[in-house]
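Structural features, examined
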Amino acid sequence: MTKDTHIASGLALSVALSQPETFKTLAICIVGATIGSVISDIDVTTSKSRKDLEIIISISVIAIVLCTILEAIFHLGILTMLQTQTNLFRIILGFSLFLCICCIGINTKHRTFMHSALCVIALTGIVWIIIPTASIPFCIAMLSHIFLDFFNTKRVQIFYPLKKPRIAFKLCHSSSKVSKIIFKITSTVFLLELLVFIILYAINFFKNF
């Protein structure tokens with residue numbers, strides 16, 4: 001599946017399952033899900049994939065920057081939430097561990113460690129250390145990425161370091177029509193979720209006004 005498909009699917013599924021109730025939790029959900037939906041493909045090998053790696057890093061940085069800008073403009077309360085859920089030590093420790101996992105992932109074969117249950121558990125735990133609210137959408141999006149890769153022709157070593165089972169349904173390849181269809185469906189679902197969220201938020205706001 002393409003990065004666009006992974007991101008759209010991760011966002012749609014994360015919002016649906018985590019059900020954020022405020023704009024600050026929605027913003028954190030979107031950031032966590034965006035990073036979770038692409039981080040597995042950090043285990044790239046080819047020159048083209050190295051360019052994809054740069055895109056993955058850029059997407060992650062952009063998601064964090066946009067969240068920061070929204071907080072600065074609209075005062076969503078993200079900073080207050082961070083102050084209650086985490087501290088500087090946890091943030092530094094979490095980011096250090098996150099980078100360590102990514103360094104390991106870069107040096108492993110594609111769809112092995114970074115696409116394994118072990119990695120999902122490790123990275124979700126690390127995200128929880130950094131900011132607990134983001135851990136669930138991150139985990140959901142990362143799992144959705146791995147699940148979608150099951151449908152590709154290349155096998156996924158889900159229980160790494162165990163060599164078996166290696167799962168590949170071989171129903172499509174990363175840039176096939178199937179991937180494009182999934183992208184259109186999940187991106188539409190995500191936009192509808194945002195619309196419903198805004199409508200419900202507005203209704204509750206005017207009820208309490």
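Above this note sits the structure.
Let me begin by describing the structure that accompanies this report. Counting of residues starts from 1 at the beginning of each chain's written sequence and follows it residue by residue. Local features in this predicted model are restricted to residues of pLDDT 70 or higher, and side-chain atom pairs are both shown and tallied only at a pLDDT of 80 or more, whereas totals for entire chains, interfaces and linings draw on every residue. Computation of side-chain values covers all heavy atoms of the structure but excludes hydrogens and water.

Here's the deal with the overall build of the chain
Note the following rule: Only DSSP runs of H or I covering at least 4 residues are called helices, and only runs of E covering at least 2 are called strands; the numbering of each starts at the N terminus. When we talk radius of gyration, it's over C-alpha atoms, and the globule rule is simply 2.2 Å times the number of residues to the 0.38. Per-residue accessibility, obtained with a 1.4 Å probe over protein chains only, is compared with the maximum for each type, and a residue is labelled buried under 20%, exposed over 50%, and partly exposed between these values. Here, residues are in contact when the closest pair of their heavy atoms is within 4.5 Å. To measure how exposed things are, a 1.4 Å probe is used in the Shrake-Rupley method; for residues, cover is taken only from the protein chains shown.
When its secondary structure is counted, the chain shows eight helices and zero strands. Starting at the N terminus, the α and β elements of the chain follow one another as α-α-α-α-α-α-α-α. Taken over C-alpha atoms, the radius of gyration comes to 17 Å for the chain, in line with the 17 Å a tight globule of 209 residues would show. Taken over the C-alpha atoms alone, the chain extends approximately 55 × 40 × 30 Å along its principal axes. In the chain, buried positions account for 45% of the 209 residues. Considering only contacts within the chain whose residues lie at least 6 apart along the sequence, 69% involve residues at least 24 apart. Accessible area of the chain: about 11,800 Å², with a carbon and sulfur share of 73%.

Remarks on helix α1 (residues 3-18)
In plain terms, the rule: Helix span, as expected, comes to 1.5 Å for every residue beyond the first.
Compared with the 22 Å implied by 1.5 Å per residue over 16 residues, the 22 Å span of α1 between its first and last C-alpha is a close match. When we look at burial in α1, the residues that qualify are T5, H6, I7, A8, S9, G10, L11, A12, S14 and V15. A positive phi of about 50° marks Q19, the residue just after α1.

Comments concerning the pattern of salt bridges
As a reminder of what qualifies: The term salt bridge refers to a pairing of a side-chain nitrogen on Lys or Arg with a carboxyl oxygen on Asp or Glu at a separation within 4 Å.
In this structure the tally under the stated criterion is one salt bridge. For R111, the salt bridge identified is with D149, shortest N-O distance 3.6 Å. Of this pair, R111 sits in the loop between α5 (88-106) and α6 (117-130) while D149 sits in helix α7 (residues 132-149), and the two are 38 residues apart along the sequence. For R111, a relative accessible area of 7% puts it in the buried group.

Observations concerning the state of the cysteines
Note the cut-off: The term disulfide is used for any two cysteine sulfur atoms that are within 2.5 Å.
Per the stated rule, a full pass over the model turns up zero disulfides. We note that C102 lacks a disulfide partner, and the nearest cysteine sulfur, in C103, lies 7.1 Å from it. When its relative accessible area of 8% is taken as the criterion, C102 is described as buried. Between C119, a cysteine without a disulfide, and C102, which holds the nearest cysteine sulfur, the sulfur-to-sulfur distance is 7.7 Å.

Overview of the packing of α1 against helix α8 (residues 177-207)
So the rule is basically this: An axis is simply a line fitted to the C-alpha atoms; with a helix, the fit covers only the stretch in contact. Between two such axes, the angle follows the N-to-C directions and lies from 0 to 180 degrees. In this scheme the handedness of a crossing depends on how the near helix is turned from the far one: anticlockwise by less than a right angle means left-handed, clockwise means right-handed. Each residue receives one of three labels: charged for Asp, Glu, Lys and Arg, nonpolar for Ala, Val, Leu, Ile, Met, Phe, Trp, Tyr, Cys and Pro, and polar for the others, Gly being one of them.
Interhelical geometry of α1 versus α8 gives an angle of 35° and a closest axis separation of 8 Å. Crossing handedness for the pair α1 and α8: left-handed. Contacts between α1 and α8 involve D4, T5, A8, S9, L11, A12, V15 and A16 on the former and, on the latter, S179, I182, F183, T186, S187, V189, F190 and E193. Considering only residue class, the contact of α1 with α8 consists of nine nonpolar, five polar and two charged.

Quick word on unusual backbone geometry
The linkage connecting Y160 with the following residue, P161, adopts the cis geometry, with an omega of 15°. Tracing the sequence through the fold places P161 in the loop between α7 and α8. In the segment running from K164 into P165, the intervening peptide bond is cis, with an omega of 0°. The topology assignment puts P165 in the loop between α7 and α8. In the Ramachandran plot, K170 falls in the positive-phi region, its phi being about 55° despite a non-glycine side chain. Locating K170 in the fold gives a position in the loop between α7 and α8.

Quick word on the nonpolar core
As a reminder, the rule being used: Here, nonpolar core refers to any group of buried Ala, Val, Leu, Ile, Met, Phe, Trp, Tyr and Cys residues whose side-chain atoms link them within 4.5 Å.
Core analysis: the biggest nonpolar cluster contains 30 residues, and I39, F98, M114, L123 and F138 have the highest contact counts within it. Counting residues per element, the ones that place at least two in this core are α2 (23-38), α3 (47-74), α4 (78-85), α5, α6 and α7. For this core, the element with the highest residue contribution is α6, accounting for six residues. In contact with F98, not counting residues within four places along its chain, are I35, I39, L123, I126, V127 and F138. I7, A141, F190 and F197 belong to the second largest nonpolar core, which has twelve residues in total.

Considerations on the packing of aromatic side chains
Filter applied, for reference: For this analysis, a ring pair means two rings from Phe, Tyr or Trp (six-membered ring only for Trp) whose centres lie within 6.5 Å, classed as stacked if their planes differ by under 30 degrees, edge-to-face if by over 60, and tilted for the remaining angles.
With the rule as written, the count across this model stands at nine aromatic pairs. Where F147 meets F151, the ring centres are 5.3 Å apart and the plane angle is 80°; that geometry is what we call edge-to-face. The class for F147 is partly exposed, based on a relative accessible area of 45%. A residue is classified by how much of its surface remains accessible, and F151, at 23% relative accessible area, is partly exposed. Cluster of aromatic residues (ring-pair linked, three or more members): F147, F150, F151 and F169.

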